[in-house]
Amino acid sequence: MGIIISSAVTHTGGVSSVGQAAGAARDALTGAGCPPEQVDALINVGVYRDANLVEPAVAALIQQAAGIGLDYRPGDVPCLSFDLMNGACGLVNAVGVAASLLADLPAGHVVVVSGDAHPSNRDDAEFAFEPVGAALVLENSADAVGFGGVHVSAGDTLPDPQGYVTLSDMGAEGRSALTVELATSTAELVEHAATAGREALAADDLDPTRAVLVCGKPTEDFATELAAELGIAVFVTDEFTGDAHTSALTAAYVAARDTGLADRPLLFVAADGGPTAAAVTYRGPGVA
């Protein structure tokens, strides 16, 4: 029994992190053939949210907008929704959490949503990330190895804040402004990403020459340098111009699936400021 991706979708063209993630969740559930009243959990890994909302959890707003588990009728599944924020690594962390949930839910479904948008709900050319909403539907399968264990690597010191609102300066613009500082070098990101990636491959006894690297683009040269460091010949990133941040891995998986590369072992690797990195292997149905 392994945990598989039964559907994956990205949404673009909007300015709302909630709206794009909810749209992606609805389409992903349709693709998985899962009714919205049969979702056991929704995990939101997006970081930069509409109007800099702190409460309630944005996952609850996405759940409501997607129409998931809003009525409790006999036979319906109560849906647990929560935020899990760890930057670009959040999706890999969410896979680990979903594995724990699905271990006790043989017929369960977990939806992992993501997306970052400028808090002003307007296009902003200076915003550091591409506003992309994304969703994965995860479930158990008796016919696949699925995801392996999650492996992480991080620096030894407490990282400085990367995205924040300066309370003393926010004035009347605090709901529509923020500061994002991206200071981690490609070399630092690749160092920790390679460590996590090697550990994931070794733990699941996968030859890197067989694997396809699935990763984002936190810097222009990140994917190329990471693939070389891991000894992986084939890598896939998302097809967006900028950094899709928390949606990058889902978008890269969609690209791999659409180009026929998902029939090989995949290595998902994310890296973000800190530096911190996370990796997990994936073998879908029919992949040994």
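The structure under discussion appears in the preceding block.
The paragraphs below set out a description of the structure included in this document. Quick caveat: nothing in here was measured; it's all calculated off a predicted structure.

### Details of the nonpolar core
Then step 1. Core analysis: the largest hydrophobic core is formed by 38 residues, its most contacted members being Ile5, Leu138, Phe147, Tyr253, Phe268 and Tyr282.
Then step 2. With sequence-adjacent residues up to four places away left out, Ile5 is seen in contact with Leu136, Val137, Leu138, Phe147, Tyr253, Phe268 and Tyr282.
Then step 3. Grouped together as the second largest cluster of nonpolar side chains are 22 residues, Ala194, Leu206, Val269 and Ala277 included.

### Here's the deal with the pairing of strand E4 (residues 109–114)
Then step 1. Across the six residues that make up E4, a large majority, six, are buried.
Then step 2. Where burial is concerned, the two faces of E4 agree: the one with His109, Val111 and Val113 and the one with Val110, Val112 and Ser114 are both buried.
Then step 3. Where strand E2 (residues 41–44) meets E4, four bridges bridge the pair, whose relative direction is parallel. Within E4, the residue paired with Asn44 across the bridge is Val113.

### Observations regarding the state of the cysteines
Then step 1. The tally for this structure, following the rule as stated, stands at zero disulfides.
Then step 2. For the unlinked cysteine Cys34, the closest cysteine sulfur is that of Cys79, found at 9.8 Å.
Then step 3. Just so you know, Cys215 is unpaired, no disulfide at all, and the nearest cysteine sulfur is the one on Cys89, 12 Å from it.
Then step 4. According to the relative accessible area criterion, Cys215 is buried, its value standing at 0%.

### Some thoughts on helix H6 (residues 248–258)
Then step 1. Counting buried positions along H6 yields nine of eleven residues, so the element is predominantly enclosed.
Then step 2. Every buried residue of H6 is listed here: Ala248, Leu249, Thr250, Ala251, Ala252, Tyr253, Val254, Ala255 and Ala256.
Then step 3. In the stretch just after H6, Gly260 is the one whose phi turns positive, near 80°.

### A short note on the pattern of salt bridges
Then step 1. Under the criterion given, the structure shown has four salt bridges.
Then step 2. Between Asp258 and Arg257 there is a salt bridge, with its nearest N and O atoms 3.0 Å apart.
Then step 3. What makes Arg257 partly exposed here is its relative accessible area of 35%.

### Details of the sheet that holds E4
Then step 1. In space, the five strands of this open sheet follow the order E1-E5-E4-E2-E3, with mixed pairing throughout. The open sheet is flanked by strand E1 (2–11) and strand E3 (80–83), the only strands paired with a single partner. On average, adjacent strands in this sheet sit at an angle of 15° to one another, irrespective of strand direction.
Then step 2. Contacts between H6 and the sheet are confined to E1 and strand E5 (133–141), with E1 contributing the most and set at about 100° to the helix.

Cut-offs applied
- Residue positions are given per chain, counting from 1 as you read along its sequence in written order.
- Where local features are concerned, this predicted model is filtered to residues with pLDDT of at least 70; where side-chain atom pairs are given and counted, the filter is 80 or more; whole-chain, interface and lining totals use all residues.
- Side-chain numbers here rest on the full set of heavy atoms in the structure, without hydrogens or water.
- Each nonpolar core is a collection of buried residues, namely Ala, Val, Leu, Ile, Met, Phe, Trp, Tyr and Cys, held together in the definition by side-chain atoms within 4.5 Å.
- Categorising residues by exposure relies on relative accessible area from a 1.4 Å probe, with only protein chains included: less than 20% of the type maximum marks a residue as buried, more than 50% marks it as exposed, and the intermediate range marks it as partly exposed.
- Only heavy atoms enter the contact rule, under which two residues are in contact if any of them lie within 4.5 Å.
- The secondary structure listing takes helices from DSSP runs of H or I that are at least 4 residues long and strands from runs of E that are at least 2 residues long, numbered from the N terminus.
- Note on pairing: DSSP must find at least two bridges between two strands before they are called paired.
- By definition, disulfides here are pairs of cysteine sulfur atoms that lie within 2.5 Å.
- Any Lys or Arg side-chain nitrogen located within 4 Å of an Asp or Glu carboxyl oxygen qualifies as a salt bridge.
- Here an axis means a line fitted to C-alpha atoms, over the contact stretch when the element is a helix, while the angle between two N-to-C directions is reported on a 0 to 180 degree scale.

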